[in-house]
Each structure stands twice: as structure tokens, then as C-alpha cells.
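Geometric and topological summary
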Amino acid sequence: MSDGRVMFSNVDNTVHVLEPDQGKVTKLIANPVLRYSNFNAHPTSSWVLAVEEDHQNDTPDQVKNYVVAINGDTGEVKRAISGADFYYTPQFSPDGAKIAWLEWNHPLLPFVSAKLKWSAWHENATMGQVQAPGGNEIEGAVEPRWGPEGSLYYGQEVNGYRQLFRLKPDEDIPLYVQISGLENAELGQISWWQGSQTYCPLSTNHLVAAVVMYGNAKLVLIDLQNMSWTQLVETTTISDTAFDAISRVSDSRALVIGSGTTVSQTLYEIRIDRESRTRLNIIRKSSDEDFDQSMYSIPETIHIKSKGNPSRDIYGFLWMPHNPRFCAPEGTLPPPHYLRPWRAYRPRRFWAQGANAVLHYQGLRNILCQLYRFNGVWWTI
């Protein structure tokens, strides 16, 4: 919260406020039919946004969802947004003057039907007129994110690839952030895990992002003035930045949690100087163990065509068996393991006796139908 307190929900569906310095916990809300998650604190007041599930009628088709504002001082709860079946990632702008969120309706899934909305926010926890970027209800919007100066970023498909858009303050029409060389990359993510953050605007000049291009995940720095990009580190060091893994510290600093094909999960600091030169510093490793590099199976990039119509490119990577201490019986094929990539990544794999494959289909809409078609027969293509 704005004063340093922490609001959280407990396993018994209660909501509490923690005062870290005193170690004091205060129960704020206790209602057996209401559940809360996805908290986001106002930058200057005691109001906190959350998603509320109402289980008054506790059957799947009768559960109701709302975006609510919770007062961290009084426990007052105001239902701010209603009407849709599901809500996701409500969040205040840096100045607290606006809020943005995603919403969608049953039976559709957020991957293809989530709509981005925003509204003005007033001090008495009321909202202005609900709006959509450019006045259009965009379906399949992903990962809305406020920039420090008040721009609203989000992902949307362009020619089958998920790209970034930017709605600047006091403007009505969102701009396509078209970066040369990233037109065939996937930026932004929507997943079942709340708080997932795969890109982070640092300033009006720079944005750090984990992008997926031809099946390979890369951590890049995007120059928003020159519309160019630079890969920050090799995939052997960072290729997996899942969940809430990228955070802004200042206009020139960011924190990243990531792992690579041969490096375990590590907390890094990224520093950017005035000439846009970058430096990567290790803050803490998840493990100090050093394994023999010969134990690692390095993923091989693969490219195949789908057999259905229309034919589509499928990019991914394959780990072949790679264990110098084990030799399978002659003529024995390794058992394949197929991983479904809701966001493609390249984790490390060692001590492997079987083969692994991860495939990345072009675009969100395509992955839902193509994965089923491909499942179980990837090793025959």
C-alpha cells in the first residue's frame, strides 16, 4: 500500500493488512461467500483494487465477479466494475488518476476474448466513463501495463503475432509500437497466473521485455525513440522469465528473475546509461551448485510445418538425450515428452534420458486449435 502496509488474502477467504515494522496483522474483511485476489494499491491513498468472487450462489454458473475498491483503513468495500463474467489485472496508473483492467465472458477464454478497458478514478472511489483504447473493444488484448509517464501499453495480435500498442496520455488512438526485427515476435502474455509480467516500461525511452521469436525466448531492451532493440543477454544465461519476473526500479534500472539453458534461476539488476549501454549485475542466485557443463542437454531449435489447412509455421526446440554417464540399450529410442507452451521458453535440462520438445505456434488463436492436433505425434513429423 502507499504507506508501506501490505494487504493480503488468507486461505480462509479473509483479507488482512500487515504493518511490517510492527509485525501487526489486522483482519479487514471476513465474509464466508466472498473471495479476493489480484490486489493493486493506489499510489497515494488507502484504496486498493481487487477482484472479488461472490459465491452467494455457489454453483459455477452463478458465481459473480467484480472489480472492487477496498479501503485499507476502514475495510469498506465498493464494487466499482460489474457486468462481465470475469475480470483480470485491475491496476492504477502511476498518478492514481486512472484504472485499467481486462474482462471477458463465459464460455470464451481470455486468450482470444479478453477486452481492455480503462476509466478515470476519483478520490471517493468512484469512476468516470468506461472507455476502450481508440473507442474499439479489442478482443484478445493481453498484459496491460502502465508506463511511468501514464501511457497504457498492451499486447494485441498483428498479422498473427502478438505486438505491443501504446495509448499515450491525453490521446484517444493507440499507436502500434512497431519495432524493426520484432514483427514476427510475440510480446506480452495472458496466463492463469495473476501478476504475470513479461515486459516493463522504464521511461518514455526504454522498455525491457521477454519476447518469443521463432520459438526462442529472449530478454531485450527496446528503444522507444529509435524503434530499435538489443538483446540483453544470451539465452544460455536468461531464456525463461515466467511469472512476475520483470520490475521497474527507475528510468534506468530494472530487476529481472530468469534462468537460462545452463544457468539456474537468478535475480539480476539491469542498468542503462545515457548512451543506452547496458550492464547486467547478479544480485542473488537460487543455487550455488556448479554442474559439469557436459551434463546439460542444450536445446536445438526446430522448425516444421503444420499438416492442416491453412499451413502454419511451428517453431520450437528439442532436447536430445545427453548424459555421458548413461548409454541406452542398442536400438532403443528415448521416450518423448511433449510440453505445452502457453508461453514458449527454454528451461535448462540435464541428466536427461528421454527427449523433450516444446513447440510454439504463431499467435494466441492458433495455439488453442493446433496444440490438440499436434499432441501425441510430434516425433513422427
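Residues numbered from 1 in each chain as written. Predicted model: local features only at pLDDT ≥ 70, side-chain atom pairs only at ≥ 80, totals over all residues. Heavy atoms only, no water.

Our next topic: the sheet that holds strand β14 (residues 175-176). On the basis of which strands lie adjacent, the open sheet formed by four strands has the order β11-β12-β13-β14 and antiparallel pairing. Looking at strand neighbours, the two that pair on one side only are β11 (142-146) and β14, the edges of this open sheet. (Pairing = 2+ DSSP bridges. Helix = DSSP H or I, 4+ residues; strand = E, 2+ residues; numbered from the N terminus.)

One finds Ala-100, Leu-102, Leu-116, Ala-141, Leu-152, Tyr-154 and Ile-190 to be the most contacted residues of the largest nonpolar core, which totals 18 residues. Elements represented by at least two residues in this core include exactly β9 (98-104), β10 (115-120), β11, β12 (152-158) and β13 (161-167). Those residues in contact with Leu-116 that lie beyond four places of it in its chain are Ala-100, Trp-101, Leu-102, Gln-131, Ala-132, Pro-133, Ile-138, Ala-141, Pro-144, Leu-152 and Tyr-154. (Core = buried A, V, L, I, M, F, W, Y, C linked by side-chain atoms within 4.5 Å. Buried < 20%, exposed > 50% of the residue type's maximum accessible area, 1.4 Å probe, protein only. Contact = heavy atoms within 4.5 Å.)

Judged by pairing direction, the sheet is antiparallel, and its three strands sit side by side in the order β8-β9-β10 without closing on themselves. Looking at strand neighbours, the two that pair on one side only are β8 (86-92) and β10, the edges of this open sheet. Adjacent strand axes in the sheet meet at a mean angle of 20° when their direction is disregarded. Looking at chain direction, β8 and β9 are connected through five bridges and run antiparallel. The residue of β9 that forms the bridge with Tyr-88 is Leu-102. (Axes fitted to C-alpha atoms, helices over the stretch in contact; angles between N-to-C directions.)

A complete count under the given rule lists 13 salt bridges for this structure. Of the charged contacts in the structure, one is a salt bridge between Arg-5 and Asp-73, with a shortest N-O distance of 2.7 Å. Of the two residues, Arg-5 sits in the segment before β1 (6-9) while Asp-73 sits in the loop between β6 (64-71) and β7 (77-81), which places them 68 residues apart along the sequence. Judged by relative accessible area, Arg-5 falls into the buried class, the value being 15%. Judged by its relative accessible area of 52%, Asp-73 is exposed. The partner of Arg-145 in a salt bridge is Glu-143, and the shortest N-O contact between them spans 2.9 Å. (Salt bridge = Lys/Arg side-chain N within 4 Å of Asp/Glu carboxyl O.)

Purely spatial values, then, with no claim about function.
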